[in-house]
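Descriptive structure summary
Chain by chain, the residues run as shown.
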Amino acid sequence: MVTALDHLTEWSAKFGTAGAAVLPCCCGCPARRRPARPESSPLGDACLPGRCGNVKEAARAWLAAADGEAMSVTTPKDPFAVLRTKKYLALLILAAVLGVVISFLIYWLLKLIADIQTWVFTDLPKDLGFHGEPPWWPLLPLAVAGAIVGAVIRYLPGRGGHSPADGFKAGGVALPAELPGILVAAVASLGLGAVVGPEAPAIALGGGLAVLVVKLARRDMPASTYAVIAAAGSFAGISTLLGNPLAGAFLLLEASGLGGPMATIVLIPGLLGAGLGTLIFLGLNAWTGYGTFSLTVPNLPPAAHLDLAQFGWALAIGLAAAVVSFGIKWLALFLRPHVERRLLLLTPLAGLAIAGLAIAFGEATGKPSSDVLFSGQTALTPLLEHAASYTAGALVLLIVCKGLAYSISLSSFRGGPTFPGMFIGAAGGIALSHLPGLPMIAGAAIGIGAMTAGMLLLPMTAVLLTTLFLGTDGIKTMPLVIVAVVVSFVLSKWLAGPPPEPKVPEPEEATVPPQVR
């Protein structure tokens, strides 16, 4: 494993002339080039890391000293002093105004997408003389969607936003020139049937529009202020979509990684311990009758009984969801470079393939093709309410068709990866509830949480979204969801393997001057 110490050793061996002075080395080796520093340096006359002496020890001392100096310089005595300034108060007022504006615009964007879906798949077939949507109808809008999105990616700045095959992205600010492409690609993808969610466009458009408004009003703000303004716009956009400001804030905070990767690593064992600890509380309460000694409101209706079998199902579904999520993402990443080679031809063909999967499911089961199309955000509630009308075979076929359409959409269209994964997880949990030991609601909750964790790799957000979506039932099943989420997240990370190391450009070979003969 390459450490910061190794990087520093390599850097010092290649250190150039800028900011350096030729000084004799303390170990008696020939003169080395090392940075000049004040006599009060905590290292004194120790060697800098080079190609002689105890390189590692010198480098370690240099790092420790640099760390101490940096901490003493950059850590303010009162980090909240900025809260008492007039500039911060003005920033809060600006963020509040932008939140209102962005929420208003994102609301009507979502309404526009919903109206397009209704007009294209319900009203237009009737206007053309059909009694209802013909089985072959999805081929038309998805081919059009592919043509539009392919052209946006090919010709417009920003390529219509980031590719959802790379997972959920919360960082970066969309430039003003990129906003039209993001808007057109999102409306075409979401409105015409691609299997992607609206959360990524809502975040990108929210942040980009907020920065655009501020730039038009005032151009002399520092870059750090623009970053805060963009975050405020993104928060407003995703909160409008999720209908809950807490869920939106939690999603962006975890996705942005402000606490660093170690924050998730440290919190995952505690999350798992809390979930399994709830089982002990419930078990001891059932055996002794003494209560759980928790901060709960008394005299409420009793919660659904959780047993060991359901925790076993949570473990199994978590494992399965990680494998399914990995397969969906792997197929999307495999297809994407092939599609991008000939965008104008293959993106419409990708739309036709998605339509074909939806048609096949509808003809085989008698269920609407819309179960396979779209993000699944609005279809999730009807799926849970009418779960009894789906056979186990129909649910399995739904998972297969939706999963393949999901992969193709991630590789070719623009949107977010959240809601289709939640829908597939719910369908899988409902299918498994036909087996003994797993109630339907518990199975759906476990599936939603596990697939969300596998697709987003945001375990805390997966638990919160599942709980908020299912309401009272989500609270009752939270311990099961936690176990499934932790298992799915850890196995997904294990299957993904370490991230690829950044490529270091090879040093240019020195040109040899021609010899004079």
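Above: the structure in question.
Everything in this summary refers to the structure shown in the same document. No experiment lies behind these values; they were computed from the predicted model shown.

What follows deals with the pattern of salt bridges. In total, this model carries 3 salt bridges according to the counting rule given. A salt bridge links Glu340 to Arg159; the nearest nitrogen and oxygen atoms lie 3.3 Å apart. Taken together, the residues Glu340 in helix α10 (residues 308–341) and Arg159 in the loop between α4 (139–155) and α5 (179–191) connect sequence positions 181 residues apart. A residue is classified by how much of its surface remains accessible, and Arg159, at 37% relative accessible area, is partly exposed. Across the pair Arg336 and Asp166 runs a salt bridge, and its minimum N-O distance is 3.0 Å. Separated by 170 residues along the polypeptide, Arg336 in helix α10 and Asp166 in the loop between α4 and α5 bring together distant segments of the chain.

With 19 residues, helix α6 (residues 199–217) should cover 27 Å at 1.5 Å per step; its first-to-last C-alpha distance of 27 Å lies within 8% of that length. Residues of α6 that are buried: Glu199, Ala200, Pro201, Ala202, Ile203, Leu205, Gly206, Gly207, Gly208, Ala210, Val211 and Val214.

Contact geometry for helix α15 (residues 440–456) and helix α18 (residues 478–496): axes closest at 8 Å, N-to-C directions at 30°. It follows from the interaxial angle that α15 and α18 lie roughly parallel. As α15 packs across α18, the resulting crossing turns out to be right-handed. Between α15 and α18, the contacting residues are Ala442, Ala445, Ile446, Gly449, Ala450, Ala453 and Gly454 on the first element and Leu480, Val481, Ala484, Val485, Ser488, Phe489 and Ser492 on the second. Its residues placed into classes, the contact of α15 with α18 shows 10 nonpolar, 4 polar and no charged.

Between its first and last C-alpha atoms α4 spans 24 Å; for 17 residues at 1.5 Å apiece the expected length is 24 Å, and the two agree. Along α4, the residues classified as buried are Pro141, Leu142, Ala145, Gly146, Val149, Gly150, Val152 and Ile153. Buried residues along α4 cover an arc of 160° about the axis, so they all sit on one side.

So, about the side chain of Asp371. Topologically, Asp371 is positioned in the loop between α11 (343–365) and α12 (380–385). No salt bridge is formed by the buried Asp371; the nearest opposite charge belongs to Lys367, separated by 6.6 Å.

What follows covers the environment of Ile328. In this structure, Ile328 sits in helix α10. With 77 residues separating them along the chain, Ile328 and Ala405 place their C-alpha atoms 9.4 Å apart.

Any two packed helices are characterised by how steeply their axes cross, that is the angle between the axes, and by the distance between the axes. Where α10 meets helix α13 (residues 392–412), the closest approach of the two axes is 7 Å, and the angle between their N-to-C directions is 40°. Here α10 is positioned oblique relative to α13, judged by the angle of their axes. Between α10 and α13 lies a crossing of right-handed hand. For the pair α10 and α13, contact is made by Gly327, Ile328, Leu331, Ala332, Leu335, Arg336 and Val339 and by Gly403, Leu404, Tyr406, Ser407, Ile408, Leu410, Ser411 and Ser412, respectively. For the contact of α10 with α13, the residue count by class is 9 nonpolar, 5 polar and 1 charged.

Before going further, it helps to spend a moment on the side chain of Ser234. Along the chain, Ser234 turns up in helix α7 (residues 223–242). Ser234 sits in the buried class, given a relative accessible area of 9%. Residues in contact with Ser234, not counting those within four places in the same chain, are Ile203, Gly206, Gly207 and Leu252.

So, how was this worked out
Residues numbered from 1 in each chain as written. Predicted model: local features only at pLDDT ≥ 70, side-chain atom pairs only at ≥ 80, totals over all residues. Heavy atoms only, no water. Salt bridge = Lys/Arg side-chain N within 4 Å of Asp/Glu carboxyl O. Helix = DSSP H or I, 4+ residues; strand = E, 2+ residues; numbered from the N terminus. Buried < 20%, exposed > 50% of the residue type's maximum accessible area, 1.4 Å probe, protein only. Expected span 1.5 Å × (residues − 1). Axes fitted to C-alpha atoms, helices over the stretch in contact; angles between N-to-C directions. Parallel < 35°, antiparallel > 145°, perpendicular 65-115°, else oblique. Left-handed = near helix turned anticlockwise from the far one by under 90°. Contact = heavy atoms within 4.5 Å. Nonpolar A, V, L, I, M, F, W, Y, C, P; charged D, E, K, R; others polar. Arc of directions from axis to C-beta. Lys, Arg positive; Asp, Glu negative; His and termini not counted.

Limitation: the analysis is restricted to geometry and does not speak to function.
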